[in-house]
Amino acid sequence: MGDPQVDDLLQAVVSAPVGQAAGLDDELAALFGRIPVVFAVMSGSRLVVDSANPAFLAATGMTADQLGLPVQDVLPGLVEQGLFELLDDVYRTGTPFTARDGQVVLGSGEAAREAFFDFTCEPRRDGTGTITGVTLVGVETTDLKHAHRVGAEHRALLEQVVTEAPLREVLEQMVRVIESASPDVLASVLLADDDAAHLHHGAGPSLPAFYNEAIDGIATGEGIGSCGTAAHRREPVIVTDIATDPLWKDFRELAGQAGLAACWSTPILDADGRLLGTFAVYSRRPRAPQPADLAVNAVFARTAALVIERDRITRARDAAIAREHQARQDLAFVLETSTVTARELDYEAGLAALAELAVPRLAPLCAIDVEQDGELRRVAVVPAQEETGWTPSPAGRAMAARVLASGRSESAALPERDTASWPGLGVTHRLCVPLTARGRTFGVLSLLTIGDRAADGHTVALAEEIAGRAALHADNARHYTERAQLARDLQAGLRPVTLPDIPGVDVAAYYRALGDGLTVGGDFYDVFDLGAGRWAFAIGDVCGHGAVAATTTGLVRHTARAVAKLVAGPVAVVEAINTSLLDRPAQHSLDFVTLVYGHLEVTAAGVEVEFVRAGHLEPLVRRADGRVEVLAPDGAALGLFAAPVLRSERVVLSAGDSLVLVTDGLTEAQAPSGSQFGDDRLRRTLATLPRTSVADAETVVNAIVGAVDEHVVGNAVPEDDQAALVLTVASA
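The notes below deal with the structure included here. (Residues numbered from 1 in each chain as written. Predicted model: local features only at pLDDT ≥ 70, side-chain atom pairs only at ≥ 80, totals over all residues. Heavy atoms only, no water.)

## Overview of helix α13 (residues 347-361)
Here comes step 1: The end-to-end C-alpha distance of α13, which contains 15 residues, comes to 22 Å, matching closely the 21 Å that a straight helix rising 1.5 Å per residue would cover.
Here comes step 2: Within the sequence span of α13, burial applies to Y347, G350, L351, A353, L354, A355, L357, A358 and V359.
Here comes step 3: Where α13 begins, one side-chain oxygen reaches toward the backbone nitrogen of E348, 3.3 Å away; that side chain belongs to D346. (Helix = DSSP H or I, 4+ residues; strand = E, 2+ residues; numbered from the N terminus. Expected span 1.5 Å × (residues − 1). Buried < 20%, exposed > 50% of the residue type's maximum accessible area, 1.4 Å probe, protein only. Polar contact = N/O pair within 3.5 Å; in protein donor to acceptor, adjacent residues only side chain to side chain.)

In structure tokens, the structure reads:
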């Protein structure tokens, strides 16, 4: 072989019978007895095995009493793999043969195993140089080969960890690496739950499915197989024979059905010693693991810890992102619901909007009931009943009634008899949430779910949040509606319900309260019959708004109606109104009134009008030919002086002429730029009307209102009351 020392050693081994191997000197023993070197000497053309060291006998399964027999007789398995041809070629040609990582199968049947060797075959020669046999020297590299393979696979696993491959994919790959390195074993990974009380299936691709299902969810504890016990003890547990080990008494039959005979399990722990799972290796025959097996298990348990910790961190991160996303969605939903229900000024419209928003975000079906006269009245259903055919059920009404009484949410599965109320919809659960505002529960939001989708805690909390906000908005809308209706009713009582029919005179009026209609304004108008073919008319403006202005308006109108038939002429009526205003309580005395009051009578000459102007805007006459005249008698406002100077003026209106009376809410209406509509625009508006009789009273009023609206576009909410009264003489 080229090394004299080795040649001497080989010669010593060759010359010493195998039975005398123990008598070799220490150097030979160190070379061939304590290291995994296989050595054999074969002679003759039949390649008779003359001698072999114990490592060769152990590796090939050959026994000492088979020495002296040909290779073909004692090693038939290796001969079938080409060993004889290889040795024969060296014997015949005298050419040495060397192999690296030569692969062979040792043993047969279930005992067969794959092995790798680095070996050399050299010819043996006598003193004359004649070839007398072959010497085989080799070193088994199976463990090294497997170590390299496991190392490569381990690096690949670590790469998967870095690239955040799915946990199940990495664990299954890990298991397959172990199984490929040791074909006679099966492996699995179980994952611990958060409280480390149970183990769940992680990976076990080669184990029977029924076995994986059976051990999925097993508890951790002493005596619960290898894995449950290892998880409990936090240390490796080795069971060499499942059939007899007490740790497997509850799982022995299951293991037998799966063909498992031995199991060693290693706990998977994080850096702080917390249990993450277990890594188990099973053998189909009773046996103990070799030190190399346990070392590999330890390495892969640490790798599994990295994989599982990475997965937990990733899932925690994803869960945090999902929670943040959910929170953002919830906040957006709450804000949308709050915004939509807040802008509804109608009580029931706001609740209907709530029901529309709840479907399908919270549930596929929603109903809202409110308390009215001691009973629940349904005000919203989504989807509409005609779409689904669902009707209120006794159980649903009973639950809603309880929630209305208690002010607390309730959730329940529907009894089977109750599901008939929702034909074909598959409704199975109901959640009732109170609508409570300012400490009073006035309604119930009912959410109905389908299938197994019962309302969870998150849904209940979200439903309660939007219900609370919507309830407050709905209650505000109810108060607004009531107040607006009160204002409308009160304001309507300060104006004639209908305008009277005056023979030969067309009458039209317009009124709009300031702001959003909640405030009772101070503008008013009136037209009433004086008898004997005479009629009274008035338009005025009370300084201020609200209840005090309303009482002042009522005082003016009722005083005028009361005295008009008792005194002579408009001046006397206006003086009586002034006296009434001065007689008011002191807290009302600051509200003065501007007024145009007059009488009209239809005569052969036309319509004769006598009027008094008391601090109000000048009356206008729009003639049939389009001319606009300003009627401007002087007069002080009423309610300020005991004897104001008042005088009347007369005017005759002919066919097509109109008497136009307005309040300053129209002339002072402002555009977004701040400019007022003004008296000039009013007169121009009247002058541009058609110069024919078609310009009746309603046409004149509409022209004024349209011109004002066009001027203030973009600033449509009036800042003051607006009123107009037009009397137009009909054509002959």
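Still more ground to cover, so stick around.
## Section: the packing of aromatic side chains
The geometry of an aromatic ring pair comes down to the distance between the two centres and the angle between the two planes.
Here comes step 1: Under the defined criterion, the tally for this structure stands at six aromatic pairs.
Here comes step 2: Taking 5.8 Å as the distance between ring centres and 90 degrees as the angle between the ring planes, the aromatic pair formed by Y211 and Y282 counts as edge-to-face. Taken together, the positions of Y211 in helix α9 (residues 209-215) and Y282 in strand β11 (residues 275-283) put the pair 71 residues apart, joining distant regions of the chain.
Here comes step 3: Look at Y211 and you get buried, because its relative accessible area is 2%.
Here comes step 4: For the ring pair W248 and Y282, a centre distance of 6.5 Å and an interplane angle of 80 degrees mean the geometry is edge-to-face. Of this pair, W248 sits in the loop between β9 (237-239) and α11 (252-258) while Y282 sits in strand β11, and the two are 34 residues apart along the sequence.
Here comes step 5: Classification of W248 as buried rests on a relative accessible area of 3%.
Here comes step 6: In this structure Y282 comes out as buried when scored by relative accessible area, which is 1%. (Phe/Tyr/Trp six-rings, centres within 6.5 Å; stacked < 30°, edge-to-face > 60°.)

## Considering the sheet that holds strand β25 (residues 658-662)
Here comes step 1: Taken in spatial order, the five strands of this open sheet run β17-β26-β25-β22-β23, and their pairing is antiparallel. The open sheet terminates on both sides in strands that have one partner only, identified here as β17 (505-512) and β23 (628-630). Neighbouring strand axes in the sheet, compared pairwise and without regard to direction, differ in orientation by 20 degrees on average.
Here comes step 2: Bridge analysis of β17 against strand β26 (residues 722-729) gives eight bridges, and the strand direction is antiparallel. Each bridged residue has a counterpart across the sheet, and for D506 the counterpart in β26 is T728.
Here comes step 3: Where helix α21 (residues 697-711) meets the sheet, its contacts fall on β17, β25 and β26, and the angle it forms with β17 comes to roughly 25 degrees. (Pairing = 2+ DSSP bridges. Axes fitted to C-alpha atoms, helices over the stretch in contact; angles between N-to-C directions. Contact = heavy atoms within 4.5 Å.)

## A few points about the pattern of salt bridges
Here comes step 1: For the structure on display, the rule yields 25 salt bridges.
Here comes step 2: Note that R92 is salt-bridged to D89, the shortest N-O span being 3.9 Å. Of this pair, R92 and D89 both sit in helix α6 (residues 83-93), separated by three residues, roughly a single helical turn.
Here comes step 3: In this structure, R378 and D369 form a salt bridge, with 2.9 Å as the shortest nitrogen-oxygen distance. (Salt bridge = Lys/Arg side-chain N within 4 Å of Asp/Glu carboxyl O.)

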